[in-house]
Amino acid sequence: MDLDSRRQRAWHLRERYPFAQQMLGVYVAVVEVWGSLENELPPPGELASWAGEKMLPGVVKATEAAAPQPLAVATHDLARSGRAVEVLAGWLAGQELGPAERFLARACLQAPLEALREEAGTACAADPAPRGGRHCPRCGGLPQLSIRAGADDPLVRGQRQLSCARCAHRWQYSASSCPSCGESTGARRTVYAEKHDGPVVSRTADGGTELFAHLSIDACATCQRYLIDVDSGRDARAVPEVDELVALPLDLYANEQGLSKVTPNLMGF
Amino acid sequence: MSEVEVSRRQFLQIGAAGTGVLGGLSPLGFDLTQAITVKQKLRIEGATVSHSVCPYCAVGCALLAYTKKNADGKVELLQIEGDPDSPVNEGRLCPKGASALQLAVSRRRVPSPMYREPGAKEWKTVSWDFALDRLARNIKASRDRTFVTTDANGNLVNRCEGIAFAGGAAFSSEEGYLATKLMRSLGYVYLEQQARV
Ligand code: SF4
Ligand SMILES: [Zn+2]
Ligand SMILES: [Zn+2]
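Every value quoted in this text rests on a predicted model; they were computed, and no experiment measured them. (Residues numbered from 1 in each chain as written. Chains lettered and ligands numbered in written order. Predicted model: local features only at pLDDT ≥ 70, side-chain atom pairs only at ≥ 80, totals over all residues. Heavy atoms only, no water.)

What about the packing of helix α2 (residues 21-35) of chain A against helix α7 (residues 99-116) of chain A?
All names here are of chain A.
And step 1. Viewed as axis vectors pointing N to C, α2 and α7 meet at an angle of 40°, and their least axial separation amounts to 9 Å. Classified by the angle between their axes, α2 and α7 sit oblique to one another. Pair α2 / α7 crosses with right-handed handedness. Facing α2, whose interface residues are Val-26, Val-30 and Trp-34, α7 presents Phe-103, Arg-106, Ala-107, Gln-110 and Ala-111. (Axes fitted to C-alpha atoms, helices over the stretch in contact; angles between N-to-C directions. Helix = DSSP H or I, 4+ residues; strand = E, 2+ residues; numbered from the N terminus. Parallel < 35°, antiparallel > 145°, perpendicular 65-115°, else oblique. Left-handed = near helix turned anticlockwise from the far one by under 90°. Contact = heavy atoms within 4.5 Å.)

A look at the coordination of the zinc ion (ligand 3)
Metal coordination angles have textbook ideals: 109.5 degrees for a tetrahedral set of four donors and 90 or 180 degrees for an octahedral set of six.
Residue and element names in this part refer to chain A.
And step 1. Within the protein, the atoms that donate to the zinc ion (ligand 3) are Cys-178 (SG), Cys-181 (SG), Cys-220 (SG) and Cys-223 (SG), at distances of 2.3 Å.
And step 2. The coordination sphere of the zinc ion (ligand 3) comprises 4 donor atoms, whose angles at the metal cover 105 to 114°; the geometry is tetrahedral.
And step 3. The sequence pattern formed by the donor residues of the zinc ion (ligand 3) is C-x2-C-x38-C-x2-C. Here Cys-220 lies in strand β5 (residues 215-220) and Cys-181 lies in the loop between β3 (170-172) and β4 (189-194), a separation of 39 residues in the sequence. (Donors = N, O, S within 2.8 Å, 3.2 Å for Na, K, Ca; no water. Tetrahedral: all angles 85-135°; square planar, octahedral: opposite > 155°, others 65-115°.)

Some words on the interface of chain A and chain B
Interface size is often expressed as the accessible area that is lost when the parts come together.
And step 1. Contacts between the two partners involve 57 residues from chain A and, on the opposite side, 51 residues from chain B.
And step 2. In total, about 4600 Å² of surface goes out of reach between chain A and chain B, with carbon and sulfur atoms giving 62% of it.
And step 3. One can count 3 salt bridges joining chain A with chain B.
And step 4. We note a salt bridge from Lys195(A) to Glu45(B), for which the minimum N-O separation is 3.6 Å.
And step 5. Taken together, the connections running from chain A to chain B amount to 13 residue pairs in polar contact (both at pLDDT 80 or more).
And step 6. Elements represented by at least two residues in the side of chain A that touches chain B include exactly α2, α5 (69-80), α7, β4 and α10 (248-256) of chain A.
And step 7. A per-class count over the side of chain A that touches chain B returns 33 nonpolar, 12 polar and 12 charged.
And step 8. Examined bridge by bridge, β4(A) and strand β1 (residues 44-53) of chain B share 5 bridges and lie antiparallel to one another. Paired with Tyr192(A) across the two strands is Gly46(B), which belongs to β1(B). (Buried area = accessible area lost by both parts, 1.4 Å probe. Salt bridge = Lys/Arg side-chain N within 4 Å of Asp/Glu carboxyl O. Polar contact = N/O pair within 3.5 Å; in protein donor to acceptor, adjacent residues only side chain to side chain. Nonpolar A, V, L, I, M, F, W, Y, C, P; charged D, E, K, R; others polar. Pairing = 2+ DSSP bridges.)

Some words on the site of ligand 1
And step 1. In the region of ligand 1, the neighbouring residues are Cys54(B), Tyr56(B), Cys57(B), Val59(B), Gly60(B), Cys61(B), Leu93(B), Cys94(B) and Gly97(B).
And step 2. Of the residues belonging to the shell around ligand 1, the class tally is 7 nonpolar, 2 polar and no charged. (Near = heavy atom within 4 Å.)

Comments concerning the coordination of the zinc ion (ligand 2)
Residue and element names in this part refer to chain A.
And step 1. Looking at the metal site, the zinc ion (ligand 2) is ligated by Cys-136 (SG), Cys-139 (SG), Cys-164 (SG) and Cys-167 (SG), spaced 2.3 to 2.4 Å from it.
And step 2. Coordination at the zinc ion (ligand 2) is tetrahedral, judged from the 4 donor atoms that bind it and the angles of 97 to 116° they form at the metal.
And step 3. Sequence positions of the residues that donate to the zinc ion (ligand 2) give the spacing C-x2-C-x24-C-x2-C. Linking Cys-139 in the loop between α8 (120-123) and β1 (143-148) with Cys-167 in the loop between β2 (160-164) and β3, this pair joins segments that are 28 residues apart in sequence. With respect to burial, Cys-139 and Cys-167 carry one shared label: buried. (Buried < 20%, exposed > 50% of the residue type's maximum accessible area, 1.4 Å probe, protein only.)

Things to note about the confidence of the model for chain B
Residue and element names in this part refer to chain B.
And step 1. Of all residues in chain B, 87% have pLDDT values of 70 or greater, and the mean over the chain is 86.
And step 2. Taken as a whole, residues 1-19 scores under 50 in pLDDT and shows 33 contacts with residues more than four places along the chain or in a different chain.
And step 3. This complex was scored by the predictor with a pTM of 0.83 and an ipTM of 0.92. (pLDDT = per-residue confidence, 0-100.)

What to know about the domain arrangement of chain A
Residues and elements named next belong to chain A.
And step 1. As far as domains go, chain A holds domain 1 (3-123) and domain 2 (143-261).
And step 2. Contacts between the two partners involve 23 residues from domain 1 and, on the opposite side, 19 residues from domain 2.
And step 3. Of the roughly 1800 Å² buried between domain 1 and domain 2 on both sides combined, carbon and sulfur atoms contribute 63%.
And step 4. Counting the surface domain 1 buries against domain 2, the share from its top three residues, Arg-9, Tyr-17 and Phe-19, is 31%.
And step 5. Summed over the shared surface of domain 1 and domain 2, the result is 4 salt bridges.
And step 6. Its salt-bridge partner being Asp-235, residue Arg-9 comes within 3.2 Å of it at the nearest N-O pair.
And step 7. Of all elements in the fold, only α1 (3-16), α2, α6 (84-92) and α7 reach the threshold of two or more residues within the side of domain 1 that touches domain 2.
And step 8. The residue inventory of the side of domain 1 that touches domain 2, partitioned by class, reads 14 nonpolar, 4 polar and 5 charged. (Domains from an automatic or database assignment.)

This is the structure we're talking about:
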């Protein structure tokens, strides 16, 4: 769990993508709370109550300080309602949650689940979802984003990994199948990206002026779902989880096309 | 939104709109005004992905081709890259394969047959009919001139020794079979083939 690189990337992206400043600010505030976990290993069997005690107060405080009022208020109310641990347990069990509940659960649980590594599966034992394939092989969670590995050679297209929305574990998944329904017919799958003038031959930046050269929408006409794809081959400094937050205009575009993300990101997009 | 109180119930109702944008605010209250402006200025294009195979050599690297259908119904090729799922090349392409795009879209591609008359310095553009007739006549003349019916020991051979045939990696197995059949029927014995796939 490399929090420094996430923090630094978020600061860097704030300058390049001013429209995402507010979200990146909340993200950095949450990452600071994750940092307080240090080397402590949470008990996988009682993760919800442990996080309710150890993570929740910090997350609520950080959200109140950095988030827009509706989110800050909703988080505060949730924490005071006495339902927080129930919400966290619901997230671990794969239950449907409201947007603010989902934010709270993820902000409180992602770091402990990442720290638990293989044990994340034990923490999510109550979730009946299958393991492997389109689900996270560790915890059964759904993918949050698609990542293309970087390569030193601009003529190499990296393999695809999916990153789990719950425990952030990454697993390999076919680059030419839909991460949501498995559709593999090329004509049913569309990649939306910023228009590049002229044909694209290699993966190195060739002086193009695109704002989102390394980000694209990997969409499926069969299930109307999409994920943001972060191509580390196009931007070696990308930290996928952070870069995905600045794809906001692409998300808005995807919504306009009637597409919805397989799992929204921490900020609800 | 400084003094607005949103109850949990109201909040979940807002959230029920998914990531819908209300008054420039996201369901969690993020201000999207700037992002919407950026989105409006973006030039986004959607491409579908097709599987193909590099035509250049016997390795047979797998390609992904990104194409887009334009308003006039024409399909435009935008990008070609190695298929990361292929066990043959695992997303890699050599420089030649990586430029396979230019087979279709290069401005320097020669679109029609060119002909240089014996003794002439200049190439000129000719029709396919002209080129094919000319080839057929030359093949017939060479074949007639170099056809061998019996070898030195008097064995019946019926072969043409004056023309050789070189196939290409762009051939599929079926095309390679067809080419070989045709060349043998003309009596050629010097055949080189690189068909695969
Ligand atoms: S990419 Fe290069 S090595 Fe692969 S088939 Fe084409 S020419 Fe051969
Ligand atoms: Zn997981
Ligand atoms: Zn699908």
